[in-house]
Amino acid sequence: MAEKHIDKTVKKSLKDTNINFVRILWCDNANIIRGKAVHVGMLSHYFEHGVGISAGQQGIPVMYDAVVPETGLGPVGEIRLVPDWSSLTPLPYSPGHARVMGNMALAGEPWALCPRSFLLRMIEAAQSEGLEIQGAFENEFYLLRKIPEGVVPTDSTVFASTQGMDFNREVIDAIADALIAQNIPVEQYYPESGPGQHEISVRYADALLCADRQIVFRETVRAIAHRHNLTASFLPKIFPETAGNGCHIHMSLWRDGQNLLPDPQGVCGLSQIAIAFIGGILYHLPALMALTTPSVNSYRRLQPHSWSGAFRCWGLDNREAAVRVPSDPVSNPTHFEFKTVDASANPYLALGAVIAAGLDGVKQGLQPGDPIALDPGHLPIEERNLKGIDRLPANLGDAIVHLKQDTTLLNTLNPQLSQAFLAVRQAEWEAMKDWELAEEVKLLLERY
Ligand code: GLU
Ligand code: MG
C-alpha cells in the first residue's frame, strides 16, 4: 500500500514537471557516472525492481568498456539497479529528464559490490557507535575552452580574482542556479589559483546525501559548462605548472543532534573522539589513498607546497597537512578537512572508507600525533621523521600495495568489493604507469 502511494506521488511529480525519461544512476569502480534511462510511459514496469545491468559493470577500468578478469566479474551475471525514489530530481540542465540514484541489488538484497550500499553499511557502523557523520565534498575544477589543438583555460586569473569572477560570471551563476534547483545549497564561490580554475562549496549534509551531492555536483558542472560551449574537468592534474584539482572532504561527528568536535579542554579545541577519528584516518591513510586518490593522475597533484595533503599529519589551519582543522571565529573547531582526496574518487567508496578508518581510530583510540604548525615540506627529512610525518605514497602502485595489506579496510569493504576494486586499480596502474601527463589528459579530461 505504502509503495502504491509513493508510486502515485512519484508519477504525479514526473507528470507535473513534464518528464520523459528517468535516468537511474550508478557510479562504477573507476568513478564513471553512468545511467540507464526508463521512459515514464513504462515506469510502472521498473518502479519497484529497477533496471537490469551486467554485474561486469563493476569490473570496468577507466580506459575502456571491458571487464578486467581479475575482478572476479565477467560476462555472466545480472544485478538490478533499484531506484531510491527519495532522490528523484528533475534535471534543470536536461529538460524532460530526471535523475534517481540506484542501489545495486541481487536477489532482492543489497549486492556485495554496490558502492552506495557500502556507504550505507558504514553509516550504520557509525550509528552503532552512536555517531552520525555530516560532511561535504569541496570541489575544484577547471573551465576550458575548446580550440583545434585541444583546450585552454577560460582565463588567466589568480586566486580569488574578481576579474576571474567577471569573466566567468554567466556560467558560474548558471551552475549555482542549477545546484540550488536540485536542493543543493551553494555556500561560497571563488576563482581558484589555477587559470580557469574555480571552487564552489556546498552545504554539508548527512553522509549519504553528501555523497549523492558529489555525483550531482559533477554532473551539473559538466553539463552546464557544456551548454556554455566549455569543458569542465575535475581531473586532479591537468597542467603541469598550475594548481591541481582537489576535492577535500569536510566532516563532523554528531550525537543526538550535537556536534561532538568542539572541546575547549582538548588539543586544538577538539574532543578526544574527534582526535581519535582523525588518528584513524591518518593511520590508514597510505591504504585509504587507493580509494580517495584512486587515479594514476591523482599522484601528480599530491606534491609538497601545493596545499593538497601530501604529508601524513594534521594541524590547526595548516593547509599542507592531510587533515586541516579550520579554526572557528566564535567557538572551538566544528569540523575538519581531509585534503588527500580528489574527484576521481567514487564518493560512496571514498566517504565510506574514510568513515571506516575514522571508526577504527575511535574503537582503538588511535592517536594522530602532535598537531603540526609548520610546512613539513620545509623540514629536512631527518626532522620530519623525528616528528613522525611521512611523505605519502608517491604513486597509485604504492597505494595499491598499502591497501592490499590493510585487512581492516579490506574486510569492511568485504572480499568481493575489495577484489573488484583492487583489480580495477591495478589494471589502471599497469596501463598508465609510464604515461606522460599529456596522454593522461587526453584520455581522462572528459571522464573526470
Ligand atoms: N588546489 C589544492 C589541492 O589540490 C587546494 C587549494 C586549497 O583550496 O587549499 O588540493
Ligand atoms: Mg580550494
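What counts and how
- Residues numbered from 1 in each chain as written.
- Chains lettered and ligands numbered in written order.
- Predicted model: local features only at pLDDT ≥ 70, side-chain atom pairs only at ≥ 80, totals over all residues.
- Heavy atoms only, no water.
- Near = heavy atom within 4 Å.
- Polar contact = N/O pair within 3.5 Å; in protein donor to acceptor, adjacent residues only side chain to side chain.
- Areas by Shrake-Rupley, 256 points an atom, 1.4 Å probe, with all protein chains shown as cover.
- Nonpolar A, V, L, I, M, F, W, Y, C, P; charged D, E, K, R; others polar.
- Helix = DSSP H or I, 4+ residues; strand = E, 2+ residues; numbered from the N terminus.
- Expected span 1.5 Å × (residues − 1).
- Buried < 20%, exposed > 50% of the residue type's maximum accessible area, 1.4 Å probe, protein only.
- Arc of directions from axis to C-beta.
- Contact = heavy atoms within 4.5 Å.
- Salt bridge = Lys/Arg side-chain N within 4 Å of Asp/Glu carboxyl O.
- Phe/Tyr/Trp six-rings, centres within 6.5 Å; stacked < 30°, edge-to-face > 60°.
- Lys NZ or Arg CZ within 6 Å of the ring centre and 35° of its normal.
- Pairing = 2+ DSSP bridges.
- Donors = N, O, S within 2.8 Å, 3.2 Å for Na, K, Ca; no water.
- Axes fitted to C-alpha atoms, helices over the stretch in contact; angles between N-to-C directions.
- Parallel < 35°, antiparallel > 145°, perpendicular 65-115°, else oblique.
- Left-handed = near helix turned anticlockwise from the far one by under 90°.

**Details of the site of ligand 1**
In step 1: Close to ligand 1 lie Glu 140, Glu 192, Glu 199, Gly 244, Gly 246, His 248, Arg 301, Ser 306, Trp 307, Ser 308, Arg 319 and Lys 339, which account for all nearby residues.
In step 2: The side chain of Glu 192 places a nitrogen or oxygen atom 3.1 Å from an oxygen atom of ligand 1.
In step 3: One of the backbone nitrogen or oxygen atoms of Gly 244 is found 3.0 Å away from a nitrogen atom of ligand 1.
In step 4: When ligand 1 is considered free in solution it has 300 Å² of accessible area, and contact with the protein chains removes 91% of it.
In step 5: Residue classes in the shell around ligand 1 are distributed as one nonpolar, five polar and six charged.

**Quick word on helix α5 (residues 169–181)**
In step 1: A rise of 1.5 Å per residue sets the reference length of α5, with its 13 residues, at 18 Å; its end C-alpha atoms lie 18 Å apart and thus fit the reference within 8%.
In step 2: Val 171, Ile 172, Ile 175, Ala 176, Ala 178 and Leu 179 are the residues of α5 that are buried. Down the axis, α5 shows its buried residues gathered within 165° of arc, on one side only. Exposed and oriented more than 90 degrees from the buried face of α5 are Glu 170 and Asp 177.
In step 3: Structurally, α5 contributes buried residues whose contacts are with β7 (132–147), β9 (186–191), β10 (197–202), α6 (207–227) and β12 (230–233).
In step 4: Once α5 ends, the next one or two residues include Asn 183, with phi positive near 65°.

**Topic: the pattern of salt bridges**
In step 1: Tallying each qualifying case throughout the model produces 13 salt bridges.
In step 2: Across the pair Glu 337 and Arg 324 runs a salt bridge whose closest N-O atoms are separated by 2.5 Å. Remark: Arg 324 occurs in strand β16 (residues 321–325) and Glu 337 occurs in strand β17 (residues 336–338); sequence separation between them is 13 residues.
In step 3: Among the residues examined, Glu 337 registers a relative accessible area of 1% and is labelled buried.
In step 4: For Arg 324, a relative accessible area of 10% gives the class buried.
In step 5: Counted as one network, the salt bridges with shared partners bring together Asp 28, Arg 34 and Asp 65.

**Considering the packing of aromatic side chains**
In step 1: Counted according to the given criterion, the structure contains seven aromatic pairs.
In step 2: Judged by centre distance (5.5 Å) and plane angle (45°), the rings of Phe 141 and Phe 234 are tilted. Of the two residues, Phe 141 is situated in strand β7 and Phe 234 in the loop between β12 and β13 (247–255); the sequence distance between them amounts to 93 residues.
In step 3: The exposure class of Phe 141 is buried, given its relative accessible area of 0%.
In step 4: Ring centres of Phe 217 and Phe 234 lie 6.2 Å apart, and the angle between their planes is 75°; on these two criteria the pair is classed as edge-to-face. Of this pair, Phe 217 sits in helix α6 while Phe 234 is found in the loop between β12 and β13, placing the two residues 17 residues apart along the sequence. As far as burial versus exposure is concerned, Phe 217 and Phe 234 are alike and both buried.
In step 5: In textbook terms, an aromatic cluster arises when at least three aromatic residues are bridged by ring pairs, as seen for Phe 141, Phe 217 and Phe 234.
In step 6: Over the ring of Phe 421 we find Arg 425, and its NZ or CZ is 4.9 Å from the ring centre.

**Observations concerning the pairing of β13**
In step 1: β13 sits mainly inside the fold: eight of its nine residues count as buried.
In step 2: Direction of pairing for β7 relative to β13: antiparallel, over a ladder of eight bridges. Looking across to β13, one finds that Gln 134 is bridged to Ser 252.
In step 3: Pairing between β13 and β17: three bridges, direction antiparallel. If you follow Met 251 over to β17, its bridge partner there is Phe 336.
In step 4: Taken together, the two bridges between β13 and strand β14 (residues 258–259) define a ladder with antiparallel strand orientation.

**Section: the coordination of the magnesium ion (ligand 2)**
In step 1: Distances from the magnesium ion (ligand 2) to its protein donors, namely Glu 140 (OE), Glu 192 (OE) and Glu 199 (OE), fall within the range 2.0 to 2.1 Å.
In step 2: For Glu 199, a relative accessible area of 2% puts it in the buried group.

**With respect to the environment of Lys 12**
In step 1: On the secondary structure map, Lys 12 appears in helix α1 (residues 2–16).
In step 2: With 427 residues separating them in the primary sequence, Lys 12 and Glu 439 have C-alpha atoms 48 Å apart.

**Examining the packing of helix α3 (residues 115–128) against helix α9 (residues 347–364)**
In step 1: Orientation of α3 relative to α9, taken along the N-to-C sense of each, is 25°, at an axis distance of 8 Å. Classified by the angle between their axes, α3 and α9 sit roughly parallel to one another. The way α3 lies across α9 gives a crossing that is left-handed. Between α3 and α9, the contacting residues are Pro 115, Arg 116, Phe 118, Leu 119, Met 122, Ala 125 and Ala 126 on the first element and Tyr 348, Leu 349, Leu 351, Gly 352, Ala 353, Ile 355, Ala 356 and Leu 359 on the second.
In step 2: Residue composition of the contact of α3 with α9, grouped by class: 13 nonpolar, one polar and one charged.

In short, geometric facts, not functional conclusions.
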